Amino acid sequence: MDAPQGLDIVVVGSCNMDLMAYVSRLPKPGETLEGHRYETGFGGKGANQCVAGAKLGARMSMVAKVGADDLGAQYIRNLNSFGIYTKFVYQTTESSTGVAPITVGDDGSNSIVIISGANLKLTPHDVQESLSSLKSAKVVVCQLEVRRDTTLEALKIAKQKGMTTIFNPAPAPQGQPLESDFFGLSDVICPNETEATIMTGIEVTDVASGKLAAKELYERGCAVAVVTMGAMGCVFMYEGLDEAEHVRPEPVTQVVDTTGAGDAFAGALAFFYARYPHLPVKEKIMRACEVASTSVQKPGTQKSYPTRKELPEKLFE
């Protein structure tokens, strides 16, 4: 199967099977709680962002690695069901498909453990092979649920090919700080408030501290820095602004499940960069915020992401 022409977005990242337990509230350390529902779903930050873009109508390709097991085969079928090009979703016998046990409280809060498995077998060579064939893509999206050197290689190749790069530094780097190249190679960097706190040392608790963190990230070399802040919306900084600005979507009447909302934002932002390149940066961010806020009104991750038909038409004008 040849690479599709007119490809919009390539996502280089993770595929995890989500194992979701729904409880009245998140348990305290050492506490056992009885849950009221359990289900499995398709997750992983990379695949989530890929599906979010596909459901909005973007032509997507995924570069990832899953196990040569039943879960891996299921995952590839899932991506195909959204029309995502999967030639470069590799299967390996060296590890099992990644999984993510998730606990979700009735208030929509969540706690996630990631067992990366085959995700960590995705190599820089895999990225070189795939991106050499996906030359028509406009945007490349990366995260940190695969090897760091693999992500950095994807950003380097994308910049060399003139593609827009969006980097979601999640999960936040622990211990060893990110190399400066991650910032210089990122057209957009978009952590959430927790990740921004870890990366900058600025405790992000409100809009004012979020603005400080966005400014700090921008000054490290990226073109646009966005910090997503859940119900508070997001703050952003780019060249020409004297200080970071704040946007907030319309209030949500009922929050059901916040799992994957940041991925909905990243996938939507990639969509607007690919399909609406001439929109002002602030408008792209505002529209991506609107998509993410819609996603929290349904349970689950990928299945909660809205299609174009479920969103106001004004977002696509």
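Relevant structure appears above.
Residues numbered from 1 in each chain as written. Predicted model: local features only at pLDDT ≥ 70, side-chain atom pairs only at ≥ 80, totals over all residues. Heavy atoms only, no water.

1. Things to note about the sheet that holds strand 2 (residues 16-22)
Here is step 1: Spatial ordering of the open sheet is given by 3-2-6-7, a layout of 4 strands whose pairing is mixed. Across the chains shown, the open sheet's two edge strands, defined by having one partner strand only, are strand 3 (37-43) and strand 7 (110-112). Along the sheet, successive strands turn relative to each other by an average axial angle of 25°, direction set aside.
Here is step 2: With 7 bridges connecting them, strand 2 and strand 3 associate as antiparallel partners. Bridge assignment links Ala-21 to a residue of strand 3, and that residue is Tyr-38. (Pairing = 2+ DSSP bridges. Helix = DSSP H or I, 4+ residues; strand = E, 2+ residues; numbered from the N terminus. Axes fitted to C-alpha atoms, helices over the stretch in contact; angles between N-to-C directions.)

2. Considerations on the sheet that holds strand 12 (residues 234-238)
Hydrogen bonds between backbone atoms are what pair the strands of a sheet, whose relative direction is either parallel or antiparallel.
Here is step 1: Judged by pairing direction, the sheet is mixed, and its 9 strands sit side by side in the order 5-4-1-8-9-10-11-12-13 without closing on themselves. Every interior strand has two partners, whereas the edge strands, strand 5 (89-92) and strand 13 (245-247), have only one.
Here is step 2: In the sheet, strand 1 (residues 9-12) pairs with strand 4 (residues 60-67) via 4 bridges, with the strands oriented parallel. Its bridge partner lying in strand 4, Ile-9 is registered against Met-60.

3. Observations concerning the environment of Ile-285
Here is step 1: Positionally, Ile-285 belongs in helix 9 (residues 281-295).
Here is step 2: On the basis of relative accessible area, Ile-285 is assigned to the buried category, the value being 1%.
Here is step 3: Sequence separation of Ile-285 and Pro-251 is 34 residues, and the distance between their C-alpha atoms is 16 Å.
Here is step 4: In contact with Ile-285, not counting residues within four places along its chain, are Val-224, Val-226, Cys-234, Phe-236, Val-247, Phe-265 and Leu-269. (Buried < 20%, exposed > 50% of the residue type's maximum accessible area, 1.4 Å probe, protein only. Contact = heavy atoms within 4.5 Å.)

4. Side note on the packing of helix 8 (residues 261-275) against helix 9
Here is step 1: Interhelical geometry of helix 8 versus helix 9 gives an angle of 140° and a closest axis separation of 8 Å. As the angle between them shows, helix 8 and helix 9 are arranged oblique. With respect to the hand of their crossing, helix 8 and helix 9 are arranged in right-handed fashion. Residues Ala-261, Ala-264, Phe-265, Ala-268, Leu-269, Phe-272 and Tyr-273 of helix 8 form the contact with helix 9, whose participating residues are Val-281, Lys-284, Ile-285, Arg-287, Ala-288, Cys-289, Val-291, Ala-292 and Ser-295.
Here is step 2: Residue composition of the contact of helix 8 with helix 9, grouped by class: 13 nonpolar, 1 polar and 2 charged. (Parallel < 35°, antiparallel > 145°, perpendicular 65-115°, else oblique. Left-handed = near helix turned anticlockwise from the far one by under 90°. Nonpolar A, V, L, I, M, F, W, Y, C, P; charged D, E, K, R; others polar.)

5. Focus: helix 1 (residues 45-56)
Here is step 1: The first and last C-alpha atoms of helix 1 sit 17 Å apart over 12 residues, in line with the 16 Å expected at 1.5 Å per residue.
Here is step 2: Burial runs high along helix 1: 11 of the 12 residues are buried.
Here is step 3: Phi turns positive, to about 115°, at Gly-57, one or two residues after helix 1. (Expected span 1.5 Å × (residues − 1).)

6. A closer look at the environment of Ala-64
Here is step 1: Within the secondary structure layout, Ala-64 lies in strand 4.
Here is step 2: In this structure Ala-64 comes out as buried when scored by relative accessible area, which is 0%.
Here is step 3: For the pair formed by Ala-64 and Pro-169, sequence separation is 105 residues and the distance between their alpha carbons is 17 Å.
Here is step 4: Excluding residues that lie within four positions of it along the chain, Ala-64 makes contacts with Gly-13, Cys-15, Phe-88, Val-89, Tyr-90 and Leu-122.

7. Looking at unusual backbone geometry
Here is step 1: The amide bond that connects Ala-170 to the next residue, Pro-171, takes the cis arrangement and shows omega of -5°.
Here is step 2: For Pro-171, the position within the fold is in the loop between strand 9 (164-167) and helix 5 (180-184).

The values are spatial; any link to function lies outside them.
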